[in-house]
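Here is what each chain is made of, one letter per residue.
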Amino acid sequence: MTQDELKQAVARAAIDYVVEGEIIGVGTGSTANFFIDELAKIKDRIKGTVASSEATASRLRGHGIPVFDLNDVESMAVYIDGADEINAQGAMIKGGGAALTREKIVASVAKKFVCIADGSKLVETLGAFALPVEVIPMARASVMRQLAALGGQPKLRLKAGTDQPFITDNGGELIDVAGLKITDPVALEENINQIVGVIAVGLFAKAGADVCLLGTADGVKILSL
């Protein structure tokens, strides 16, 4: 099976976690896009969604699925999103799609976080995928120095085909930190969150996934975390 076929398989499987009549939190990225396409098939059975990015909101609306502002939502039964890496404890690296801050906010409101990913995303130790950190632009250099002091190799994410910083939906910039072997994801998440100028770090460890649906050649495997 191709990687896209594995993503489609977990997207279909995630529909079983959609709670009818409720508002569903929806993530950002290629796997989440497959889920949105599947969700469109049952859109009349849900109240609506909360999107973790402008791109996700646009895709949802394109399917005729209502999108609510999170400020108008008291609770969500479930948040469904992909991951760039996930370990057996449910700790994840997210942010390859640049939506880590809003993903973390929306996930925090949901009662359950369902991660959907192809099997290659399951790792023993996080860190092979560069860790995204969203920062206030004026703090970029200061934060990069402190991330380097933690043992990482920070690099500013640029807008494709330019030498200009990539700007997030929140007006922040992204630093991708390579070279980390993350043996204690919770501690590192706390340490980076304490750096002045950091908006959010793409470590989802203190509040990781509750369930992970992994697409493999042998079918979708369910990891209860």
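Residues numbered from 1 in each chain as written. Predicted model: local features only at pLDDT ≥ 70, side-chain atom pairs only at ≥ 80, totals over all residues. Heavy atoms only, no water.

Chemist: Can you walk me through the overall build of the chain in this structure?
Modeler: The secondary structure content of the chain amounts to six helices and 13 strands. In terms of overall size, the chain behaves like a compact globule, its C-alpha atoms giving a radius of gyration of 17 Å where 225 residues would be expected to give roughly 17 Å. With 225 residues in all, the chain has 51% of them scored as buried. Long-range contacts, defined here as pairs at least 24 residues apart, represent 71% of the contacts in the chain between residues at least 6 apart. Accessible area of the chain: about 10,400 Å², with a carbon and sulfur share of 49%. (Helix = DSSP H or I, 4+ residues; strand = E, 2+ residues; numbered from the N terminus. Rg over C-alpha atoms; globule rule 2.2 N^0.38 Å. Buried < 20%, exposed > 50% of the residue type's maximum accessible area, 1.4 Å probe, protein only. Contact = heavy atoms within 4.5 Å. Areas by Shrake-Rupley, 256 points an atom, 1.4 Å probe, with all protein chains shown as cover.)

Chemist: I would appreciate a short explanation of the sheet that holds strand S8 (residues 153–156) in the present structure.
Modeler: Sheet strands pair via backbone hydrogen bonds, and the direction of the pair is either parallel or antiparallel. The strand order S8-S9-S7-S10 describes an open sheet built from four strands, whose pairing is antiparallel. Each end of this open sheet is capped by a strand with a single partner; those strands are S8 and strand S10 (198–201). Direction aside, the axes of adjacent strands within the sheet are offset by 30° on average. Bridge count for S8 against strand S9 (residues 173–178) is four bridges, and the pairing is antiparallel. For Lys155, the partnering residue across the bridge sits in S9 and is Asp176. Here helix H6 (residues 185–193) sits on the sheet in contact with strand S7 (131–135) and S10, set at roughly 165° to S10. (Pairing = 2+ DSSP bridges. Axes fitted to C-alpha atoms, helices over the stretch in contact; angles between N-to-C directions.)

Chemist: Would you mind going over the packing of aromatic side chains with me for this structure?
Modeler: Each aromatic ring pair is summarised here by two numbers: the centre-to-centre distance and the angle between the ring planes. The full count for this structure, using the stated rule, is two aromatic pairs. Aromatic pair Tyr79 and Phe113: ring centres 5.1 Å apart, planes at 85°, arrangement edge-to-face. Here Tyr79 is found in strand S3 (residues 78–81), whereas its partner Phe113 is found in strand S6 (residues 113–118), with 34 residues between them in sequence. Just as Tyr79 is buried, Phe113 falls in that class too. Between Phe113 and Phe204 the ring centres are 6.5 Å apart and the planes differ by 90°, which places this aromatic pair in the edge-to-face class. In this pair, Phe113 is assigned in strand S6 and Phe204 in strand S11 (residues 203–204), connecting sequence segments 91 residues apart. The same class applies to Phe113 as to Phe204, namely buried. (Phe/Tyr/Trp six-rings, centres within 6.5 Å; stacked < 30°, edge-to-face > 60°.)

Chemist: What's the story with the domain arrangement of the chain in this structure? I'm lost.
Modeler: Much of the literature gives interface size as the accessible area that the parts lose upon coming together. Each assigned domain of the chain is listed with its residue range as follows: domain 1 (3–123 + 206–224) and domain 2 (131–201). If you look at the interface, domain 1 gives 14 residues, while domain 2 gives 17 residues. Linking domain 1 to domain 2 there are two salt bridges. The shortest N-O distance in the salt bridge between Lys206 and Glu190 comes to 3.7 Å. At the junction of domain 1 with domain 2, the criterion picks out nine residue pairs in polar contact (both at pLDDT 80 or more). (Domains from an automatic or database assignment. Salt bridge = Lys/Arg side-chain N within 4 Å of Asp/Glu carboxyl O. Polar contact = N/O pair within 3.5 Å; in protein donor to acceptor, adjacent residues only side chain to side chain.)

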